[in-house]
Structure formats: structure tokens, C-alpha cells
Amino acid sequence: MAVAPSVAGIQYEFPDTPASGTTMPVAPGVHWLRMPLPFALAHINLWLLEDGEEFCIVDTGVHVDDAKEIWQKTLRDTMQDRAVNRVIVTHLHPDHAGNAGWLADTLDADLHMTRTEYLLCRVLMADTGRPPPEEGLNFYKAAGFPGSALDKYQKMFGMFGRLMAALPDSYRRLQHGGTLDIGGNRWEIVVGNGHSPEHACLYCAEQNLLISGDQILPTISSNVSVFPTEPDANPLADWLESIDRLRETLPDDVLVLPAHGRPFRGVHVRLDQLRREHEQGLEALEALCHKPRRAVDVFPALFRGEIRDSNLMMATGESIAHLNWLINRGKLAVNTDNDGVNWYRCI
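Figured I'd write up the structure that's included with this text. (Residues numbered from 1 in each chain as written. Predicted model: local features only at pLDDT ≥ 70, side-chain atom pairs only at ≥ 80, totals over all residues. Heavy atoms only, no water.)

1. Brief notes about helix H3 (residues 100-107)
So, point 1. Burial in H3 covers these residues: Ala 100, Gly 101, Trp 102, Leu 103 and Ala 104.
So, point 2. Each element contacted by the buried residues of H3 is listed here: strand S6 (54-58), helix H1 (65-77), strand S7 (84-88), helix H2 (94-97) and strand S8 (110-114).
So, point 3. Of the residues trailing H3, Asp 108 is marked for its positive phi of about 55°. (Buried < 20%, exposed > 50% of the residue type's maximum accessible area, 1.4 Å probe, protein only. Helix = DSSP H or I, 4+ residues; strand = E, 2+ residues; numbered from the N terminus. Contact = heavy atoms within 4.5 Å.)

Right, here's the structure in full:
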């Protein structure tokens, strides 16, 4: 198959993507399943790894009827009804973990996740049906949300669990530096942090492949956010440290199989781009905060596009991640006014 042209140091391996809901081979024993999503980000890439006479699944899509029908077709046609021995989930977000419990139960397969992702996923699923906590309302009020946005937060609370099948009550733990033998090849677990707490990538040196999940994407930057459960968290520090660790670990010519976008080579260039994007955002944010700003006031420093109701929470979480990074570096201070709103200003 012809190689797609290089763009800004990124070399795409394939000129086309599989049609929605279908598969294509990308390497010996490795198949790409393009699964539709009911979001603005309309697709996720899932990976099917041949393991002798069996298969291993990496990531699963959200738990909706359309996805289950595609899985049933894929199991029959691409996987030829062969047994599945593992369902591996890179991290807890529903587009990756949503069908994991259903597949593990249906196929009598073991679920593999890192410990933090598995446990936090169980916690978040338990929020479904609960009223939104006071801490959450106070968090978004402090960020500068108007009443209409707080109302939407209350309506959306617990949505995570509505896109998830129940996880099994036991799992197999993935750990950084651990390995899995799949199809006679050694796949090393490389953990990244920041987008989620303990995100597992899978690296096969023999095939020079990396299943990167959301940790490295070719055209968009993964969301790095602070949430009400840990308002003083500093996930951007974790993200930047992960960029450095991945750059040291991976060869530049590795074929990256991302969760969104097309498989590509040029991972060092892409990691450098991701670091530079955040560094530029931090510089712009610090300059903007020479006057007191709320979290919802700093979007122009970090985002090119318009922030709408549909992405307000993600934009706010990422803005607070950058603000917290600057606070931890002694560059910003935050003060809370009598209405409970946080104001950030350069020191």
C-alpha cells in the first residue's frame, strides 16, 4: 500500500482509514477496527492482535447498541469466531473501556488494566444515579461558571456510567515495565500520565509498533484536566514528564497506532510538538494573568477554537491544569472572592 505524504515531520503509514465499523490489517497479526462514537470525536481506533489460534483485544468503544453490533460482526468475520483470551484497556475513559466488561463476560476473557485505571473506573461508575456533589458545584462555580452552565453540570453528572458496561469484579494488573507475550511477540507496558492517571501503552520492539491509546495522537492534543475530586492536582506536570519518558523509550521510526487519527511515524517530532504546544500556552497564560482572571477567562491563551457549552467542562479542566502548573512553579497566585470565585494573577 502506498505511503501517505509527510506533514510537518509526521509520516502517515496508510493513505486511507477503514470504513466505519470495519477492519484492515496494519502489521502481521495486527488488525485495525475503526469504531464509530456518538460524540463530536466521531471514531476511535481499536486493535485486534492475533495470539496463536486466539485473539487479544485492545480497547473497546462505548457501550451502545451500535458498537455491540459491530463487535458481533467483527468477531464473526474478521476474528472468525476464534477465542479471545484478553481484553486490554489502555485507560478508563468510556470510549476505551465502555464495552470491556461486556466483552470480557461474553467471551470469557480476562480484563487487563493498570490498577489506578481499574479502581477509578469503578468509582466513577458508582456515581451514576447520585445527585451531583456540593464539591463539584463549588469547583465549577469557583472557575466562573454561570448558572446555566452549573445547571448543565448537574444534569450531566453520572453520564460516565451510562456509557459503560459493568466491569468484572477481578482483573489482571498491567504495570509499567511489565510484558505480555502475544502472538509470540513481547509487548512491553509503557505507562503515561496526565490525560488519565495510569495510562498503558503497548510497545512491541520486534514489530516496531506502539499502541498509544490517547497518550500520543497525531493531530490533536489529549485533554489534560483537573477535576473536582482533586482540585489542586497538577496533571500537566505528569503529562510533560511522560512526554520526556516516552521520547527516551521509543525509537523515532516506531509505527504509532493511536486511538484517534491515522497510524504514523515520527513520534519524537510529535512529542516535541506536544511539549511546545503546552509551553506556548503556559507563556500566553502567564501574560494574560497580569490582570486577575477566572479559569473561564483564560481560554484565549490555550485554545484556538470557540469554547461552546459542549466542551466547556473539558476546556475549564484543562485551563485549571495549566493554572495549577503555574501556581506550583511560583508564577501565579490564586485568591477566592466572597462569592467563592477563584481569581488568578501573576506574582
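Still to come is the rest of the account.
2. With respect to a nonpolar patch on the surface
So, point 1. Taken together, Phe 39, Leu 41 and Ile 220 make up a surface patch of nonpolar side chains, about 240 Å² in accessible area.
So, point 2. Its relative accessible area of 37% is what places Ile 220 among the partly exposed residues. (Patch = residues over 30% accessible without salt bridge, like charges linked within 9 Å, V, L, I, M, F, W, Y side chains within 5 Å. Areas by Shrake-Rupley, 256 points an atom, 1.4 Å probe, with all protein chains shown as cover. Salt bridge = Lys/Arg side-chain N within 4 Å of Asp/Glu carboxyl O.)

3. Considering the packing of aromatic side chains
So, point 1. In the structure shown here, the tally under the stated rule is 7 aromatic pairs.
So, point 2. When the centroid spacing of 4.9 Å and the interplanar angle of 90° are considered together, the rings of Phe 139 and Tyr 140 count as edge-to-face. Here the two residues Phe 139 and Tyr 140 agree in accessibility, since each one is buried.
So, point 3. When the ring of Phe 299 is compared with that of Phe 303, the centres are 6.0 Å apart and the planes differ by 65°; the resulting orientation is edge-to-face.
So, point 4. Residue classification places Phe 299 among the buried positions, given a relative accessible area of 10%.
So, point 5. Ring pairing ties together the aromatic residues Phe 139, Tyr 140, Phe 145, Tyr 153 and Phe 157, which thus form one cluster. (Phe/Tyr/Trp six-rings, centres within 6.5 Å; stacked < 30°, edge-to-face > 60°.)

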